[in-house]
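Summary of structural features
Spelled out from the first residue to the last, the chains are:
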Amino acid sequence: MKTIFDNTEIKNLKLKNRLFRSATWEALADDNGHFDEEIYNIYDQLAAGGVGCIISGFTSVSDSDRYFGGMARLSNDGLIPELHITMKINSSDFMYGGLDDSCPLRAE
């Protein structure tokens, strides 16, 4: 019988165990959506503590979206260098909170 500490796979995602940290709201990004150093520390501590998969919190995909203060963004090329956090973590909760139809991920 498998335990919570056994390796597992979800499609192409290989995990060292079945411990998940679900998406939460940290509110640690600056007004332009850049990650604060504290957010990296939080994720590093979770990974070091043995969590198999970390799903990061709200991450906006629009520069015009002002849904919450402190919301991280991956909405323009200037934010791409910060994408390494999602590469380390494997998952993110992307969202668009705008009131119009200008979502950059909108289907044509």
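Position numbers for residues count from 1 along each chain, tracking the sequence in the order it is written. A pLDDT threshold of at least 70 governs which residues receive local features in this predicted model, and a stricter bar of 80 or more applies before side-chain atom pairs are shown or counted, although totals over entire chains, interfaces and linings include all residues. Excluded from the side-chain calculations are hydrogens and water; all other atoms, namely the structure's heavy atoms, are used.

Considerations on the packing of aromatic side chains
Any two rings among Phe, Tyr and Trp, with Trp reduced to its six-membered ring, count as a pair given centres within 6.5 Å; such a pair is stacked if its planes are under 30 degrees apart, edge-to-face if over 60, and tilted if neither. On inspection of all chains with the given rule, the structure shows one aromatic pair. With a centroid separation of 5.9 Å and 80 degrees between ring planes, the pair formed by Phe-35 and Tyr-40 is classed as edge-to-face. Three labels apply to residues, based on accessible area from a 1.4 Å probe with only protein chains included: buried if under 20% of the type maximum, exposed if over 50%, partly exposed otherwise in between. Owing to a relative accessible area of 15%, Phe-35 belongs among the buried residues under this scheme. The exposure class assigned to Tyr-40 is buried, which follows from its relative accessible area of 15%.

Some remarks on the pairing of strand β4 (residues 53-60)
The helix count covers DSSP runs of H or I at least four residues long, the strand count covers runs of E at least two residues long, and both are numbered beginning at the N terminus. Counting buried positions over the eight residues of β4 gives six, a clear majority of the element. In this structure, strand β3 (residues 20-21) lies alongside β4, joined through two bridges in parallel fashion. Bridge pairing links Phe-20 to Cys-53 in β4. We call a crossover right-handed when, viewed with both strands directed away from the observer, the connection leading from the first strand over the helix to the second proceeds clockwise. This β-α-β element, β3 to helix α1 (residues 37-48) to β4, shows right-handed connectivity. Think of it this way: DSSP has to see at least two bridges between two strands before they count as a pair. With two bridges connecting them, β4 and strand β5 (residues 72-73) associate as parallel partners.

So, a negative patch on the surface
Together, Asp-30, Asp-31, Asp-36, Glu-37 and Glu-38 make up a negatively charged patch on the protein surface. For Asp-31, the position within the fold is in the loop between β3 and α1. Patch members must show over 30% relative accessible area and no salt bridge, and they are joined within 9 Å when carrying like charges or within 5 Å when they are nonpolar side chains of Val, Leu, Ile, Met, Phe, Trp or Tyr. Accessible areas in this description were obtained via Shrake-Rupley with a 1.4 Å probe; residue shielding takes into account the shown protein chains only. A pair is scored as a salt bridge if a Lys or Arg side-chain nitrogen falls within 4 Å of a carboxyl oxygen belonging to Asp or Glu. The convention is simple: Lys and Arg are positive, Asp and Glu are negative, and His and the chain ends are not counted. By convention, the charge on Lys lies at NZ, on Arg at CZ, on Asp at CG and on Glu at CD.

A short note on the confidence of the model for the protein
Scored from 0 to 100, pLDDT records how confident the predictor is in each individual residue. Chain-level statistics for the protein give a pLDDT mean of 75 and a share of 74% at 70 or above. Of all helices and strands in the protein, the one with the weakest mean pLDDT is strand β6 (residues 90-95) (46), whereas β3 scores best (90). Long-range and interchain partners of residues 89-96, a stretch whose pLDDT sits below 50, account for 35 contacts in this model, where long-range means more than four residues apart. In this analysis, two residues are considered to be in contact whenever any of their non-hydrogen atoms come within 4.5 Å of each other. Throughout residues 103-108 the model reports pLDDT below 50, and contacts reaching past four residues in sequence, or to other chains, amount to seven contacts.

Looking at the environment of Asn-17
Here Asn-17 shows up in the loop between β2 (13-15) and β3. Take Asn-17: its relative accessible area is 6%, and that puts it in the buried class. Taking C-alpha positions, Asn-17 is 8.1 Å from Cys-53, a pair spaced 36 residues apart along the chain. Among all residues touching Asn-17, those that are not within four sequence positions of it are Ile-4, Phe-5, Asp-6, Asn-7, Thr-8, Gly-50, Val-51 and Gly-52.

Some remarks on the pattern of salt bridges
A complete count under the given rule lists one salt bridge for this structure. Across the pair Arg-21 and Glu-26 runs a salt bridge, and its minimum N-O distance is 3.1 Å. For the residue pair Arg-21 and Glu-26, the accessibility class agrees, reading buried in each case.

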